[in-house]
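# Descriptive analysis of the structure
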Amino acid sequence: MADSPDARAIGDARPTGDTQPRGFATRAIRAAHRLPRVDQAPTSVPIYQTVTFTSADAEELGAVTTGEIPGYSYGRLANPTVAAFASAVAELEGAAAGFAFGSGMAAIHAALGALVSAGDRIVATRSSYGTTRSQLVGVFGRLGVTVDFIDITDLATVEAALAASPTRVLYAETISNPTIVVADHPALAELAHRHGAIYVVDNTFASPYLCRPIELGADLVCESATKYLAGHSDVMAGVVVGSTALVQRVRDFEVDTGGALDPHAAFLAMRGLSTLALRMERHTATAAALAAWLAVQPEVTRVWHPALPSHPQHAIASRQLDRSGGMLAFEIAGGRAAGEAFIDALTIPERTASLGSVFTIVAHPPSTTHRQLDDAALAAAGITPGLLRCSVGLEDLDDLVADFERALGAAIEAGSGGDASRDADRAPGTRDAATAVEPTPV
Ligand SMILES: Cc1ncc(COP(=O)(O)O)c(C=O)c1O
């Protein structure tokens, strides 16, 4: 068939002119792996759903595989869709390079694994994601890395810990999981560098829309793209960004240990990036309003959201975060029973784990993400039995407030053994009206 304008649209049998007599199986495999010719660039990055890439000859294949020349040979080493996603995140994070992984934990594992060896020391925030803590202790600790957990909001403690013994990595989260502790990146980076340590940051709760730790002195940033970057709870991915030299080491570690991101997942995560700004604006506005409402409820003993002036690191958040974000935590009276009853009474938020999605998710860390910690470890991580963590979604604020109000009633009932009820004399939100806090935009 001639190369007429619609020849490619309707399917051109044997466009390569291969007329050799072949068996059906051979023909089927060759026909099904023939690449379409595309002269007009697609507007979306194509999903290169392939593990293998062909080279012109053995020499080229060897050179690509060993990295002597740029190119693609095997999916665990590199894939165009995955690389496009990693470089998009690197650009948004203000970093020179990035490499993507099959999950946030794989990204953290590779970032740290590329930096430490047996005998090295990591100083990490005590208020980190529970599985990060498990990885630090159960994977790196078991392999001979010393891990010390400290309060990174106390810079004197950080300085003393770094001075006490040589440290390879100082590890923090921009906004910590679950207690919304905000790390002072410029100060921590300066301390780390003064003591010869590499400053590694988990930026998952913030996303680059709120904060770009590399611009504030961090050396490597890890992120679970499963959360805000992808944004819809339907794809699992992670990414590490930083200088080209450090990211190259992280990539080399991944080549040896696995953890590569699937191209289809990379495509989905990349689609999320396009709406990150819009989603983060809405997450922030709703979360700040919900936090202010929660702060004046009689059943709520404490609220943590960076926009609240009562937040311990409100001043740092105001300097460092472009917006205050969609994550908040609050503590309700009545302990563990009240926390569980609150979750069970909600009708809009799903009872599920994760965060950073279009829908609101309320978690009770003592019974979910931090279940592996005993009471002492929970307390050391700043987690009380009645602590609830909320990832505020994109729903209407009024619906969320009404749902939370109902659930608070159920929680106080459960927490008091059933003989307490919400104060019927007071309209919701009026008890502490005199001390009500208004969110300050950060
Ligand atoms: C702060 C933080 N970092 C890393 C992770 C791990 O990400 P993933 O579940 O994509 O492995 C999570 C997961 O909840 C998280 O909250």
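The following paragraphs examine the structure supplied in this document. What you see is a predicted model, and the numbers here were worked out from it, not measured in a lab.

The subject of this paragraph is the site of the ligand. Around the ligand lies a shell of 15 residues, among which G104, N177, D202, S224 and T226 are the nearest. Taking M105, its main chain carries an N or O atom lying 2.9 Å from an oxygen atom of the ligand. Within the contact set of the ligand, an oxygen atom lies 2.7 Å away from a side-chain nitrogen or oxygen of S224. Protein chains bury 94% of the 390 Å² of accessible surface belonging to the ligand in isolation. Looking at the shell around the ligand element by element, the count peaks at 3 residues for helix 5 (residues 104-113). Residue composition of the shell around the ligand, by class: 7 nonpolar, 6 polar and 2 charged.

With that settled, the discussion passes to the packing of helix 5 against helix 6 (residues 130-141). Contact geometry for helix 5 and helix 6: axes closest at 11 Å, N-to-C directions at 45°. In terms of orientation, helix 5 and helix 6 fall into the oblique class. Crossing angle aside, the handedness with which helix 5 passes helix 6 is right-handed. From helix 5, M105, I108, H109, L112 and G113 reach across to helix 6, where they touch T131, T132, Q135, L136, V139 and F140. Looking at the contact of helix 5 with helix 6 residue by residue, the classes come out as 6 nonpolar, 5 polar and no charged.

Here the focus is the sheet that holds strand 9 (residues 327-332). Note: strands within a sheet are paired through backbone hydrogen bonds, in either parallel or antiparallel orientation. If you trace the 4 strands from one edge of the open sheet to the other, you get 8-9-11-10, paired in antiparallel fashion. What marks the edges here is a single partner per strand, and that holds for strand 8 (300-304) and strand 10 (361-363). With strand direction ignored, the average angle separating the axes of adjacent strands in the sheet is 20°. Inspection of the sheet shows strand 8 paired to strand 9 by 4 bridges, in the antiparallel sense. Directly across from R302, in strand 9, lies its bridge partner E331. Against the sheet, helix 12 (residues 276-294) touches strand 8, strand 9 and strand 11 (387-391), its axis set at about 15° to strand 9. Across the sheet, helix 14 (residues 335-345) touches strand 9, strand 10 and strand 11, and the angle it forms with strand 9 is around 130°.

Calculation notes
- Throughout, residues of each chain are indexed from 1 in the direction in which the sequence is written.
- Only residues with pLDDT of at least 70 get local features here, since the model is predicted, and only at 80 or more are side-chain atom pairs given and counted; chain-wide, interface and lining totals rely on the full set of residues.
- Here the side-chain values reflect all heavy atoms present in the structure, with hydrogen atoms and water set aside.
- Nearness is defined per residue: one heavy atom within 4 Å of the molecule or strand is enough.
- The definition of a polar contact used here is a pair of N or O atoms within 3.5 Å, where within protein one atom must be able to donate a hydrogen and the other to accept one, and adjacent residues in sequence count solely through side-chain atom pairs.
- With residues, only the protein chains shown are counted as cover, and all accessible areas are computed by Shrake-Rupley using a 1.4 Å probe.
- Numbered from the N terminus, helices here are DSSP runs of H or I no shorter than four residues, and strands are runs of E no shorter than two.
- Think of it as three bins: nonpolar holds Ala, Val, Leu, Ile, Met, Phe, Trp, Tyr, Cys and Pro, charged holds Asp, Glu, Lys and Arg, and polar takes everything else, Gly as well.
- Axes, fitted as lines to C-alpha atoms, cover a helix only where it is in contact. Angles between the N-to-C directions of the axes lie from 0 to 180 degrees.
- Orientation categories follow fixed angle ranges, with anything under 35 degrees roughly parallel, anything over 145 roughly antiparallel, 65 to 115 roughly perpendicular, and all other angles oblique.
- We call a crossing left-handed when the near helix sits turned anticlockwise from the far one by less than a right angle, and right-handed when that turn is clockwise.
- It only takes one pair of heavy atoms within 4.5 Å for two residues to be counted as in contact.
- A pair of strands is considered paired only if DSSP assigns at least 2 bridges between the two.

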